[in-house]
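Residues per chain, in single letters:
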Amino acid sequence: MKSFVLNVALAAMAMSCAGSTASFAAWEPVRPVEFIVPAGTGGGADQMARTIQGIVTKHNLMKQPLVVINKAGGAGGEGFLDVKTSSGNPHKIIITLSNLFTTPLATGIPFNWKDLTPVAMLALDEFVLWVNAEKPYTSVKDYVDAAKKAPSGSFKMGGTGSKQEDQIITVGIEKAIDAKFTYIPYKGGGEVAVQLVGNHVDSTVNNPIEAVAQWRGGKLRPLCVFDAQPMAYDEPIAEGKAWKDIPTCKSQGLAMEYLMLRGIFMSPKATKDQVEYYVELFKKVRATPEWQDFMKSGAFNTTFLTGADYAKWVEAEEKRHEGLMKEAGFLASN
Amino acid sequence: MEELANLFHGFAVALQPYNIMLMIIGITLGVIIGVLPGLGGANGVAILLPLTFSMPPTSAIIMLSCIYWGALFGGAITSILFNIPGEPWSVATTFDGYPMAQQGKPGEALTAAFTSSFVGALFAVIMITLVAPLVAGFALRFGPAEKFAVYFLAFCSFVGLSKEPPFKTIAAMMMGFALAAVGLDSITGQLRLTFGVTELLNGFDFLIAVIGLFGIGEILLTMEEGLAFRGGNASINLRVVLQTWRELPTYWMTSLRSCLIGCWMGVTPAGATPASFMSYGIAKRLARRGNNFGKGEIEGVIAPETAAHAAGTSALLPMLSLGVPGSPTAAVLLGGLLIWGLQPGPMLFVEQKEFVWGLIASMYLGNLAGLIVVLTCVPLFAAILRVPFGIIAPLILVLCAIGAYSVHNSTFDVMLMLVFGVLGYLLKKCNYPLAPLVLAIVLGDKAEEAFRQSLLGSQGSLGVFFSNGLVSTIMALGLVALFWSAIQEGYSRLRMSMA
């Protein structure tokens, strides 16, 4: 009799496993899920995480609550180490930006993205070259000429953080056009855009969402986007121009491409079912109108990758960052 | 006059029953958040933000901004009753608020604090209503050099105007700078003074330090002095509110000065903390009873509270018109705006009139509602001091521990808080002032960042701090404040020799 019960139980388990390979996942969170943001409140990653939280709550996509927690210490190192040390805890996910690569490389903290379990790439954030609208340069060529003509180091580039994406792009531009800039790091993207409006710096590489308000207000002018093709959004934003009308930097003779990862990872040693659950969740999030609006407002590149494709992309990107940062002399000395 | 018509339309929006209900809920939640040290306005708003996603944006911002006002009011309560500032800008309120509570005048101190908060906020809202476009442009002139000059002025006015021995003030301040330097160096991206300890990646958070230095330190002192809470004989009826109100108009000069300091500091994105310290320091010098500051002078409560709230309120102006948050809480609100599909910036005032003026109207009404809510509770708060020390002290300890934990969800911070508590006790025993230490922890890394950004921009030349009229004026004011005593002495000597 006992063995019969056991058999039934085994059969039930087998069936549930079979079910998981079909459309729905077998695993579900049994307690609240912590959504770590390795950056401060109000920044790009934080906005995205809180938008996701709002969408999940509004559309009832999870039975358990999703709780956003900021762990910004050490350029996000605090957040990554927290998830790294939560091995086998499937109730912890993290949203990453480029500091996934840059923070360990620049500070030498004991962390690598391979310590975590990749879940999905949600989107890629674009970078645009901005100048003050009062300045005479209307094309990349004017800008490059002006930067080259200025005495070495007197041309000021403002950006978010130090030895992170904005500064990497700046070094890339310096190489591409053979000029020397002075890079001035600020705490947040909004502040950077305002410093450009106030003419305290000469140009920035703000994300679209950080500078769009000033573009619409006629204070800033976009010159080019650091992507392989122009952005997809054709709704007019300012002066009858849309995101789509901004040319790529490469087409304008400034050979630099950079996109920032907005992706999800979870704690180490997650099972396939657990990863699958979150992948399905984010697919549902992406299908909501709120998410589409959010993507449009920030002119995001909406590439979505999961599984091996995602891991491969991250790996290639890590190599690229290592190369870029080595050339720029940004690697931690120890 | 189009603005006035817009404003009245805004009042109509804010006065809908649904919005009034949200306002009162928001204020109450905010006061609770403000009372719990560590939870703070920014965290509170961030936690409650998702609740508002299903609301219309105007209602949502009304509720969130009311949480913000509530937290601002609430921060004063623990500062005055227990010497534990819940927010950076309440530190200066403890200097005279806590002695007042100990002298059996917690009701007066609370009433003065709440009323001054209201006056400061009201002044700032009126300013926002009348001169929004003008003032917004002013913030654009603030580059790194100008920001550094403002911090410089805050530090100098504290050293120069303080009655403590200047070298003790400077020593305490330097210790604060050293603590502020721990963590990530935002200019080079390198870790500093962390010695490979993961917990130190974050640096020393101001809140942990302040909960320990003030809260725990105070409990240790009280234990030494005989386990008794002074101020237990506080009168606890609403008449104290009216009595204090009768007294307040005599300090109109201090209020007005603090309002102006606050608005100015809020719009130049320096924020409420330097505003409250600067206003306190200047009031100490200029008030008739300035010598009594620190011993329970009501003006010493009015000055920082008025300035902090004027600054906290006017900080919303650069946020709305430029997209630059003037405070951490404003930063979270900014995130909220984006989620509701509103793009802060120059076009917000043009395209989203109903939203902007609804928000401004809710600032008037929310502050008024907040004042009524907290004033009616004054006797209740004051009665807390009647609870015997043996019962209240463990409760405060628990509250402090929860507060310290909730800053980064880390037990390490609770330990750190205790260490700071012992440090606070020792410093007090040796008569070192704690305020400059705290000021340096709060503003130290910001000042350093602005200083180094300026020098990067000027390629190392210190001339950048005197490169235009605005920055030179602020720097000169700072130097005058620093050497105020010497100047005064020199002046009187000169007069003597002339005579």
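This structure is a prediction, so every number in the text was calculated from the model and none was measured.

Student: Describe the overall build of chain B, and please don't skip the residues or the numbers.
Tutor: The secondary structure content of chain B amounts to 23 helices and 2 strands. The C-alpha radius of gyration of chain B comes to 22 Å, within 12% of the 23 Å expected for a compact globule of 499 residues. Principal-axis analysis of the C-alpha atoms gives chain B an extent of 60 × 60 × 60 Å. Expressed as a percentage of the 499 residues in chain B, the buried residues total 60%. Within chain B, contacts between residues separated by at least 24 positions form 80% of all contacts whose residues are at least 6 apart in sequence.

Student: A description of the overall build of chain A should follow, citing residues and the corresponding values.
Tutor: Assigned secondary structure in chain A consists of 11 helices and 13 strands. Dimensions of chain A, computed from the C-alpha atoms along their principal axes, are close to 90 × 50 × 30 Å. Looking at chain A as a whole, 51% of its 334 residues are labelled buried. Long-range contacts, defined here as pairs at least 24 residues apart, represent 76% of the contacts in chain A between residues at least 6 apart.

Student: Please give an account of unusual backbone geometry that cites residues and values.
Tutor: All names here are of chain B. Of note, Asn83 is a non-glycine position whose phi angle comes to about 65°, a positive value. Looking at the element boundaries, Asn83 is found in the loop between α4 (57–82) and α5 (91–102). A residue is classified by how many C-beta atoms lie within 10 Å of it, and Asn83, with 23 of them, is buried. Unlike most non-glycine residues, Asn431 shows phi in positive territory, near 60°. Taking the number of C-beta atoms within 10 Å as the measure of exposure, Asn431 has 9 and is therefore exposed.

Student: Outline the pairing of strand β7 (residues 181–186) of chain A, supporting the account with residue identities and numerical values.
Tutor: Residues and elements named next belong to chain A. Here strand β6 (residues 155–160) runs beside β7; their pairing, made up of 6 bridges, is parallel. Looking at β7, one finds that Met157 is bridged to Tyr183. Following the backbone out of β6, through helix α6 (residues 165–177) and into the adjacent parallel β7, one traces a crossover that is right-handed.

Student: Got a sec to walk through the nonpolar core? Specific residues and values, please.
Tutor: Residue and element names in this part refer to chain B. Counting residues in hydrophobic clusters, the biggest one holds 257 residues, and the most contacted among them are Ala149, Ile208, Ala209, Val438 and Ile441. Looking at this core element by element, the count peaks at 17 residues for α4. Those residues in contact with Ala209 that lie beyond four places of it in its chain are Leu179, Phe204, Phe420, Val438 and Ile441.

Student: Got a sec to walk through the interface of chain A and chain B? Specific residues and values, please.
Tutor: Chain A puts 44 residues into the contact, and the matching count from chain B is 43 residues. For the side of chain A that touches chain B, the elements supplying multiple residues, two or more each, are α2 (44–58), α3 (77–84), α4 (99–107), β7, α7 (189–197), α8 (208–216) and α10 (289–297) of chain A. Here the element with the most residues in the side of chain A that touches chain B is α2 of chain A; it accounts for 8 residues. By residue class, the composition of the side of chain A that touches chain B is 11 nonpolar, 22 polar and 11 charged.

Student: Give me the lowdown on the sheet that holds strand β3 (residues 92–96) of chain A, citing residues and values where you can.
Tutor: Residue and element names in this part refer to chain A. Taken in spatial order, the 6 strands line up as β2-β1-β3-β12-β4-β13 in an open sheet, and their pairing is mixed. Either end of the sheet is taken by a strand with one partner, and the two such strands are β2 (66–70) and β13 (305–306). Inspection of the sheet shows strand β1 (residues 33–37) paired to β2 by 5 bridges, in the parallel sense. In the strand pairing of β2, Val33 is matched with Leu66.

Student: Tell me about the sheet that holds strand β9 (residues 220–225) of chain A, and please be specific about residues and values.
Tutor: In spatial order, the strands read β7-β6-β8-β5-β9 (chain A); together these 5 strands make up an open sheet with mixed pairing. Each edge of the sheet is formed by a strand with only one pairing partner; in this case those strands are β7 and β9 of chain A.

Student: Provide a residue-level description of the confidence of the model for chain A, including the pertinent values.
Tutor: Residues and elements named next belong to chain A. Per-residue confidence for chain A averages 88 on the pLDDT scale, and 91% of its residues sit at or above 70. Below pLDDT 50 for its whole length, residues 1–6 participates in 0 contacts with residues either more than four positions away or in separate chains. With pLDDT under 50 throughout, residues 8–23 is counted as low confidence; its partners more than four residues away or in other chains account for 7 contacts.

Student: So, the packing of α4 of chain B against helix α17 (residues 353–376) of chain B: which residues are in play, and what are the values?
Tutor: Residue and element names in this part refer to chain B. The contact between α4 and α17 brings their axes to 9 Å, and the two run at 35°. For the crossing formed where α4 meets α17, the hand is right-handed. Counting all contacts with α4, which are made through Pro57, Thr58, Ile61, Ile62, Ser65, Cys66, Trp69, Gly70 and Phe73, the residues of α17 involved are Glu354, Phe355, Gly358, Leu359, Ser362, Met363, Gly366, Asn367, Gly370 and Val374. For the contact of α4 with α17, the per-class residue count stands at 10 nonpolar, 8 polar and 1 charged.

Student: Account for helix α19 (residues 389–408) of chain B, naming residues and giving values.
Tutor: Residues and elements named next belong to chain B. When the terminal C-alpha atoms of α19 are compared, their 29 Å separation across 20 residues agrees well with the 28 Å that a helix rising 1.5 Å per residue should span. Listed in full, the buried residues belonging to α19 are Ile396, Leu399, Cys400, Gly403, Ala404, Val407 and His408. Take α19 and look down its axis: the buried residues cluster within an arc of 145°, on one side only. The exposed set on the far side of α19, more than 90 degrees from its buried face, consists of Gly390, Ile391, Pro394, Leu395 and Val398. For α19, the elements touching its buried residues are α4, α9 (206–224) and α20 (411–429). Asn409 sits one or two residues past α19 and shows a positive phi near 55°.

Student: Before we move on, could you go through the packing of α4 of chain A against helix α11 (residues 307–328) of chain A and cite the residues and values that matter?
Tutor: All names here are of chain A. The interhelical angle for the contact between α4 and α11, taken along N-to-C directions, is 40°, at an axis separation of 10 Å. One finds that α4 runs oblique with respect to α11. Here α4 and α11 pass one another in a crossing that is right-handed. Mapping the contact onto sequence places Phe101, Thr102, Leu105 and Ala106 in α4 and Glu317, Glu318, His321, Glu322 and Met325 in α11. Its residues assigned to classes, the contact of α4 with α11 comprises 4 nonpolar, 2 polar and 3 charged.

Student: So, the pairing of β3 of chain A: which residues are in play, and what are the values?
Tutor: Residue and element names in this part refer to chain A. Of all 5 residues making up β3, 4 are buried, and the element is well covered by its neighbours. Inspection of the sheet shows β1 paired to β3 by 3 bridges, in the parallel sense. If you follow Glu34 over to β3, its bridge partner there is Lys92.

Student: Can you tell me about the environment of Asp245 of chain A, naming the residues and giving the values?
Tutor: Residue and element names in this part refer to chain A. Of note, Asp245 is situated in the loop between β11 (241–242) and β12 (260–266). The exposure class of Asp245 is partly exposed, given the 15 C-beta atoms found within 10 Å. For the pair formed by Asp245 and Pro222, sequence separation is 23 residues and the distance between their alpha carbons is 9.9 Å.

Student: Which residues make up the environment of Leu97 of chain A, and what are the values?
Tutor: All names here are of chain A. In this fold, Leu97 is placed in the loop between β3 and α4. Judged by C-beta crowding, with 24 C-beta atoms within 10 Å, Leu97 ranks as buried. Separated by 52 residues in sequence, Leu97 and Ala45 place their C-alpha atoms 6.9 Å apart. Contacts of Leu97, omitting those with residues within four sequence positions, involve Ala39, Gly44, Ala45, Met260, Leu261 and Arg262.

Student: Got a sec to walk through the confidence of the model for chain B? Specific residues and values, please.
Tutor: Mean pLDDT for chain B: 82, with 91% of residues reaching 70 or above. Overall fold confidence (pTM) sits at 0.83, and the ipTM for the predicted complex is 0.81.

The rules behind each value
- Residues numbered from 1 in each chain as written.
- Chains lettered and ligands numbered in written order.
- Predicted model: local features only at pLDDT ≥ 70, side-chain atom pairs only at ≥ 80, totals over all residues.
- Helix = DSSP H or I, 4+ residues; strand = E, 2+ residues; numbered from the N terminus.
- Rg over C-alpha atoms; globule rule 2.2 N^0.38 Å.
- Buried ≥ 20, exposed ≤ 12 C-beta atoms within 10 Å, placed from the backbone.
- Contact = placed C-beta atoms within 7 Å.
- Pairing = 2+ DSSP bridges.
- Right-handed = clockwise from strand over helix to strand, strands pointing away.
- Core = buried A, V, L, I, M, F, W, Y, C linked by C-beta atoms within 7 Å.
- Nonpolar A, V, L, I, M, F, W, Y, C, P; charged D, E, K, R; others polar.
- pLDDT = per-residue confidence, 0-100.
- Axes fitted to C-alpha atoms, helices over the stretch in contact; angles between N-to-C directions.
- Left-handed = near helix turned anticlockwise from the far one by under 90°.
- Expected span 1.5 Å × (residues − 1).
- Arc of directions from axis to C-beta.
- Parallel < 35°, antiparallel > 145°, perpendicular 65-115°, else oblique.

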